[in-house]
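# A closer look at the structure
Single-letter residue listing:
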Amino acid sequence: MGANGSSISELPENEYLKKLSGPEAISENDPFWNQLLSFSFNTPTNSSELKLLEEAALSVCKSLVENNPRTGNLAALIKVFLSRTKELKISAECENHLFIWQAHNALFIICCLLKVLICQMPEEELQLHFTYEEKTSGSYGSECEDLMEELLCCLIQLIVEIPLLDITYSISLEAVTTLVVFLSCQLFHKEILRESIAHKYLMHGRCLSYTSRLVKTLLYNFIRQERSPPPGAHVFQTESDGGGLLYGIASGVATGLWSVFTLGGAGSKRSPQQEESSPLANQSLLLLLVLANITDAPDAPNPYRQAIMSFKNTQDSTALPSPNPHAFQINFNSLYTTLCEQQNSDQATLLLYTLLHQNTNVRTYMLARTDMENLVLPILEILYHVEERNSHHVYMALIILLILTEDDSFNRSIHEVILKNITWYSERVLTEISLGSLLILVVIRTIQYNMTRTRDKYLHTNCLAALANMSAQFRSLHQYAAQRIISLFSLLSKKHNKVLEQATSLRSPLASDDSPHPDYAQDLNVIEEVIRMMLEIINSCLTNSLNHNPNLVYALLYKRDLFEQFRTHPSFQDIMQNIDLVISFFSSRIEQAGAELSVERVLEIIKQGVVALPRDRLRKFPELKFKYVEEEQPEEFFIPYVWSLVYNSAVALYWNPQDVQLFTMDSG
């Protein structure tokens, strides 16, 4: 590094980095800093380059850790960065490329060093490295300032106060990345961190007053999806180009062409992924999720979570002042649009879940939208491609549906939205179908996939709960949706008979007891619970909206033999009464109409018969309503999940899998 460009392989031998990490103390006013920070460097764009950068930083850090207690060079570097950030806002307004470039380079070095140090040592030891100064060996700074807190506060100020322009994009991204790195100590602990030095600074003191502004800025970074500037958009021109940004010895800097650090490098061609993605939006969302999932302090709740729970719509003029000191307003329409567009990523789905579950203002707004299909369709597509998604993403999508189906108006309105040509649904050509019927099809498909592959009871329960919540408002079910409901029941019936047969043969005197046997009794209980739930869903539809669902009655009649074995079963007798009544009533009317009836004629008879069916003979059951309830210790699930997203999705960050202890990487 220095006035010339650097490649990753050259970093360990770079004379400026060797001096920074060496035994010689460097004062904050030394011209060395201008030389160190005058480098151009192509950002690593793949995992192998990131690994090389990690190894190079490791080499420099090893020397720095050894010498820093005597030199205090880490603190000097941070103070140089802090001094340069004081003029950043003015530099952005005046388009002072040089100043912003050097500040960015300083932060880039700090971030690389911090990432390695956090991985290699406890927080308490890291904090000591912030206090070492150029005094006697191992001495501590006598100043009252806390350099770690000052750096954290400076990063937050940089994020919330510096306008986002082509020339400030990189330093804004680096500030967000450095905050993620500061919090990454969680990665190197198997247990959930409930107390952390970084957490303490962020939740108390100087940083606390920026809470709502930071959350708001990170949300707007996500909403705007600003792409990184094209290569060369903020690179200095030579004098021959009219730019004249050449600095001589008078400024204490080696003379030469100053080229700005750019994402991908000044001369490199942008990849299609870079063209379509926004590194700042991605990194901001990851930081937001990390902040939202910090555990509460013993004496105070997490202020970032409070801010996420309480923000309101800028267009809501009736909104009353919030008692929450971290409340703010944001444009809900823009937020909704971006959330709809970004559901292909785990982190966007997790944000949607967080907002629906924790922010009543957002949930009320979304449920009142007249274009809910824009949100629901991407969620259904996640579930439809369950084989390609990780289990956490599928769970989040499913819980979002469960939360939405708690609302009766949602359950009614989805059957009024007619969709045409759902291209991603490949089992059958759906030229026209309601959003409600499509939702039923996808949830049933998820249940069937789970039965044959993962066999996860939690997933089963949530799928059935969503169907149960909707069942009383089923309207004009598509014939294929009605068929799939009965087909699922048929599959469950066959599975029940198979498990029952296995359990019976196990009790046979001819059965061998030499080897351990599966617990068929438990399997039977589980399958009977699911069958009971399916019967309740069918019954709920028949008792509440029979006249709106002739296709379901037709499917029932077509497969009436399936239900015969459950009429006298003690677990299902009560719930079978209504289903048995409907089957008997309509079977009788169809038999009276004669043989060899067309499908159209049978449906016509069903529609006519609905009026004549004595409703008072249908037994009333309690309304099916299931609410999503978060687990007692949600952080045990969400914190590892969020950090697995950071590990896999963060821009220009790499951690050695062997160092990470929070989760098993092959399951993340």
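Look a little higher up for the structure.
An account of the accompanying structure is given in this report. Quick caveat, the model's predicted, so the values are computed rather than measured. (Residues numbered from 1 in each chain as written. Predicted model: local features only at pLDDT ≥ 70, side-chain atom pairs only at ≥ 80, totals over all residues. Heavy atoms only, no water.)

## A short note on the packing of helix 14 (residues 279-292) against helix 17 (residues 346-358)
Between helix 14 and helix 17, the least distance of the axes is 10 Å, while the angle of their chain directions is 45°. Judged by the angle between their axes, helix 14 and helix 17 are oblique. Our pair here, helix 14 against helix 17, has a crossing hand that is left-handed. Contacts from Asn282, Leu285, Leu286, Leu288 and Leu289 of helix 14 reach helix 17 at Gln347, Ala348, Leu350 and Leu351. A per-class count over the contact of helix 14 with helix 17 returns seven nonpolar, two polar and no charged. (Axes fitted to C-alpha atoms, helices over the stretch in contact; angles between N-to-C directions. Helix = DSSP H or I, 4+ residues; strand = E, 2+ residues; numbered from the N terminus. Parallel < 35°, antiparallel > 145°, perpendicular 65-115°, else oblique. Left-handed = near helix turned anticlockwise from the far one by under 90°. Contact = heavy atoms within 4.5 Å. Nonpolar A, V, L, I, M, F, W, Y, C, P; charged D, E, K, R; others polar.)

## Some remarks on helix 9 (residues 169-182)
Spanning 14 residues, helix 9 covers 20 Å between terminal C-alpha atoms, matching the ideal 20 Å at 1.5 Å per step. Here helix 9 lies mainly inside the structure; 14 of its 14 residues are buried. (Expected span 1.5 Å × (residues − 1). Buried < 20%, exposed > 50% of the residue type's maximum accessible area, 1.4 Å probe, protein only.)

## Quick word on helix 28 (residues 599-612)
With 14 residues, helix 28 extends 20 Å from end C-alpha to end C-alpha; this agrees with the ideal 20 Å at 1.5 Å per step. Three or more residues of helix 28 are buried, namely Val602, Leu603, Ile605, Ile606, Gly609 and Val610. All buried residues of helix 28 lie within an arc of 155° about the axis, which places them on one face of the element. In helix 28, the exposed positions angled more than 90 degrees off the buried face are occupied by Glu600, Lys607 and Val611. Here the buried face of helix 28 lies against helix 26 (550-558) and helix 27 (573-592). (Arc of directions from axis to C-beta.)

## Digging into the layout of surface pockets
Empty space within the second largest pocket amounts to approximately 690 Å³. What lines the second largest pocket is a set of 23 residues, and nearest its centre among them are His460, Lys495, Asp523, Val526 and Ile527. Mapped by element, the contributors of at least two residues to the lining of the second largest pocket are helix 22 (435-452), helix 23 (457-471), helix 24 (479-507) and helix 25 (520-545). At seven residues, the largest contribution of residues to the lining of the second largest pocket is made by helix 25. In the lining of the second largest pocket, the residues fall into 11 nonpolar, five polar and seven charged. (1 Å grid on protein atoms, 1.4 Å probe; cavity = no way out; pocket = protein on both sides within 12 Å on 5 of 7 lines; lining within 4 Å. Points joined across faces, edges and corners; volume = space filled by probe spheres on them.)

## Structural notes on the side chain of Ser345
As for its placement among the helices and strands, Ser345 is situated in the loop between helix 16 (332-341) and helix 17. Polar side-chain contacts of Ser345 include one of 3.2 Å to the backbone nitrogen of Ala348. (Polar contact = N/O pair within 3.5 Å; in protein donor to acceptor, adjacent residues only side chain to side chain.)

## Examining the packing of aromatic side chains
In total, this model carries 20 aromatic pairs according to the counting rule given. Relative to Tyr480, the ring of Tyr425 lies with its centre 6.5 Å away and its plane at 85°, an arrangement referred to as edge-to-face. With a gap of 55 residues between them, Tyr425 in the loop between strand 3 (418-420) and strand 4 (432-434) and Tyr480 in helix 24 connect regions that are remote in the sequence. Aromatic side chains Phe489 and Phe563 sit 4.7 Å apart centroid to centroid with 10° between the ring planes, which places their arrangement in the stacked category. A residue pair is termed long-range when its members are at least 10 positions apart, and Phe489 in helix 24 and Phe563 in the loop between helix 26 and helix 27 qualify at 74 residues. Each of the two residues, Phe489 as well as Phe563, counts as buried. (Phe/Tyr/Trp six-rings, centres within 6.5 Å; stacked < 30°, edge-to-face > 60°.)

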